[in-house]
Protein chains: 2
Amino acid sequence: MEMMLAKGVKDTSPEEKILKNKIMNAIVKNFELNGYNPLQTPTIERFDVLSSKYAGGAEILKETFKFNDQGDRELCLRYDLTVPFARYISMNPTIKMPFKRYQVGQVFRDGPIKLGRLREFTQCDADVVGIKDMFAEAELLGIAQAVFTELKLNTYTEVNNRKILDAIVEESGVSKEKVQDIILTIDKMKKISKEDIYKELKEKGIDEKNANKIFTLIETKETNEETLKFLQEKINSEKGKEGLKEMKELLDYVNKLGVKIIFDPSLARGLTYYTGTVFEVYLEKSKIRSSIGAGGRYDNMIKDFINNNQEYPAVGFSFGIDVIFTAMKQEQKELEKTVVKAFIIPIGNNKDAAIKTLTELRKQKINCEMNIAKKSISKALDYASSYNIPFCILIGDDEAKEGKVKLKNMLTGEEKTIENKNLKKEIIQ
Amino acid sequence: MEMMLAKGVKDTSPEEKILKNKIMNAIVKNFELNGYNPLQTPTIERFDVLSSKYAGGAEILKETFKFNDQGDRELCLRYDLTVPFARYISMNPTIKMPFKRYQVGQVFRDGPIKLGRLREFTQCDADVVGIKDMFAEAELLGIAQAVFTELKLNTYTEVNNRKILDAIVEESGVSKEKVQDIILTIDKMKKISKEDIYKELKEKGIDEKNANKIFTLIETKETNEETLKFLQEKINSEKGKEGLKEMKELLDYVNKLGVKIIFDPSLARGLTYYTGTVFEVYLEKSKIRSSIGAGGRYDNMIKDFINNNQEYPAVGFSFGIDVIFTAMKQEQKELEKTVVKAFIIPIGNNKDAAIKTLTELRKQKINCEMNIAKKSISKALDYASSYNIPFCILIGDDEAKEGKVKLKNMLTGEEKTIENKNLKKEIIQ
């Protein structure tokens, strides 16, 4: 029997998982600082629920892992955390709004494996239901900025409003039924050349004049305020004006919160359920234009899903844990290999003294372990060194007698004999 | 379309998840203090790998969720975290031993749903490979004690060694091939009456004389040392003596670590892959004898699974998150409903001052949010109260002008006007 992983999934080794936990802890901490509470929905859902109206679209359903339980019910693995969230809202009608929740969990897509795309990956989402005000968006953008600052990643954030983009396309002479299709082309703006965009627009029946008009309108100016002012002069439809009003409100809020964004009227985001603000965070100086977090407002999705007459204005943000992980891995020379800070090596018959030191350090909240398996001191030191454990603590007869230890800094090689009670401050510097 | 959950799975609401996170954080912290590193294996595994030799047994394979991917490969959801761990060890032959890892993750069993048994639940495991010494066991028992002390749960821990139990049964005149079957009956000791045990033993061909002998030997004495001494006098086989030697070593270690255990020679634990020490933690004063954590030594499992000639001595401990959760939920009058500590309510035209206070508090690591959605102050206060948010912060014209806020303690109803800069210490008391 050959040991193999399923296709498209991977193990996260301890050194990778230590970094991944660091990322997730930063995200969760900032979600909670902003009043988001944890929720956990199951990995397994009913396929009929996940495939009902507006639940992710036909494309995603083709990539859903399906199976039957022993009672022959058709089940599936969730493909995102948003649709199960809508299901949760619908099954808990007494929830007090606004309801702010975050969820960290595995999601699954049985799709093609290209450029590191996995069939199982971690999502880290925050969503709020019940706030129409743009402060909801501003807060989520603030969370993204706080997280990426903490993780020392240089990023920039593009923001748009679907109402504005719809209006731009509609007012450029595109017939209503073609608008969404044209937006899909505009969405490729930063991935393919301008020539190819023109070509694709032409194929979709948009002549050069109208294409030019679109290009003039979606251009980003020097400042967000200039972009806003330019569009305020050009756009006439009620929908467009509403989008611009929302964008003005959002810009005011992010300025007050000290959050930096770029208003980019060409930003679309593929998914069709967005109704207003959309945003996407990118890595600065990255060869690939890879989004490491994104979200937007979807005021109709939950309502359509639930199919009642209440309003469920909603905004969400999703962190791309795996892309963030890859970016951070590249920045670091070497990953931390262990959470262990000190490795205690009893010499000769001094296991009891070592156990005492071990217990004391653990009480002081220092992750440590004791040499039990290795036969010789040199093998024990090699072991500690192979895991990059920063300190070894050696306890021989003399040390044990005097309540002291020999502390070896594994990075510098420096050794010194110190009293047991001074260990903590030497290890945590 | 009616919104429903799949059978046997459930949502974990924010108030439940806050408690669950508290439990998991306590466990993870203690795993890391003891030198265990995080590992993440995928939720999806190949069925042929998970069903190969020694991988959980026939019973568990019947309860495995199976499905095929688009390439028609037979996959499944993991039913535990131990077998994927063995798979990981086998695929990473350069890992330095001893290797200590922990994993928190969802596992799945398509079994009967009785008394709250779920088809998807969370496991929290620590396993170490490469240590034959009983210190590995002692450390895991120490982790369990530290976690349950921190969570304020009264528990007791029973410990045995399979070699001792095997010897007891063998030396009571039971033929070798019947030993494991008889142990399955002994395992029911604390669940069914002594009469029923006698009856079952009789049905399995054990006469009263031999049954009496077994009962005499598996009896727990006043102290662990007495139990040990008694058995040392009665047991003659090499295997039994080896088990008693291991038990003595373990008792020495747990005494040194200050870990309390009960040596109970009748403890078996169902699973057949255990080769030495077995342990099980129970709730004190609980009506149901429900195990909230268990584990043991399995020195052959990984070797048999990998099928090479190396030795892989291993010990593991698994926390029963859902049982712990239920026990803690019963102890508490009311669950925490939110992570939010303060709800800021701007009055009149003072949103800017409120945003300032909000930003300041978040910088000081206080989870808080601002009233955006509620139309009136009384509705905002009701909202805060419905989530049991401990403090409301009201900011009107006077307060905004003077850099002050009105702080309302939602539990006592007390209100006072204080300076912005004193907020943190009032909220964190």
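Residues numbered from 1 in each chain as written. Chains lettered and ligands numbered in written order. Predicted model: local features only at pLDDT ≥ 70, side-chain atom pairs only at ≥ 80, totals over all residues.

Draft legend 1. Representation of the sheet that holds strand β11 (residues 314-320) of chain B within the structure. Residues and elements named next belong to chain B. With mixed pairing, the eight strands of this open sheet are ordered in space as β1-β5-β6-β11-β10-β9-β7-β8. Taken across any chain shown, the strands that pair with only one partner, and hence form the sheet edges, are β1 (37-38) and β8 (262-263). Looking at chain direction, strand β9 (residues 277-283) and strand β10 (residues 291-297) are connected through five bridges and run antiparallel. From the neighbouring strand, Val278 faces β10, where its bridge partner is Gly296. Contacting β5 (99-108), β6 (120-129) and β11, helix α1 (residues 14-33) crosses the sheet at an angle of about 160° to β5. Here helix α4 (residues 82-91) sits on the sheet and contacts β5, β6 and β11; the angle it forms with β6, its principal contact strand, is near 45°. (Pairing = 2+ DSSP bridges. Helix = DSSP H or I, 4+ residues; strand = E, 2+ residues; numbered from the N terminus. Contact = placed C-beta atoms within 7 Å. Axes fitted to C-alpha atoms, helices over the stretch in contact; angles between N-to-C directions.)

Draft legend 2. Expanded view of the domain arrangement of chain A. For chain A, the domain assignment lists domain 1 (14-331) and domain 2 (342-427). Between domain 1 of chain A and domain 2 of chain A, the C-alpha centre-to-centre distance is 50 Å. (Domains from an automatic or database assignment.)

Draft legend 3. A look at the interface of chain A and chain B. Contact with chain A, which involves 74 residues of that partner, is made by 74 residues of chain B. Counting residues per element, the side of chain A that touches chain B draws most heavily on helix α1 (residues 14-33) of chain A, at six residues. The residue makeup of the side of chain A that touches chain B, split by class, is 32 nonpolar, 19 polar and 23 charged. (Nonpolar A, V, L, I, M, F, W, Y, C, P; charged D, E, K, R; others polar.)

Draft legend 4. Summary view of the packing of helix α6 (residues 162-170) of chain A against helix α7 (residues 179-186) of chain A. Residues and elements named next belong to chain A. Two elements in contact, α6 and α7, have axes whose closest approach is 10 Å; the angle formed by their N-to-C orientations is 105°. Between α6 and α7, the interaxial angle falls into the category roughly perpendicular. Note on element contacts: α7 touches α6 through Val179, Ile182 and Ile183, opposite Leu165, Asp166, Val169 and Glu170. (Parallel < 35°, antiparallel > 145°, perpendicular 65-115°, else oblique.)

Draft legend 5. Summary view of the nonpolar core. The biggest cluster of nonpolar side chains holds 119 residues, and the ones touching the most others in it are Ala342, Phe343, Ile344 and Ile393 of chain A together with Ala138, Val254 and Ile302 of chain B. Formed by 117 residues, the second largest nonpolar core is a distinct cluster that contains Val129, Val169, Leu231 and Leu250 of chain A. (Core = buried A, V, L, I, M, F, W, Y, C linked by C-beta atoms within 7 Å. Buried ≥ 20, exposed ≤ 12 C-beta atoms within 10 Å, placed from the backbone.)

Draft legend 6. Structural detail: the relation of the copies chain A and chain B. For the match of chain A to chain B, the screw axis carries a shift of 0.0 Å, the RMSD comes to 0.0 Å, and the turn is 180°. Here the transformation between the copies is reduced to the relation of a two-fold axis. Among all C-alpha atoms of chain A, that of Phe67 of chain A lies closest to the rotation axis, at 2.7 Å. Same-surface contact between copies: 100% of interface residues of chain A are shared with the interface of chain B. (Least-squares fit on C-alpha atoms with pLDDT ≥ 70 in both.)

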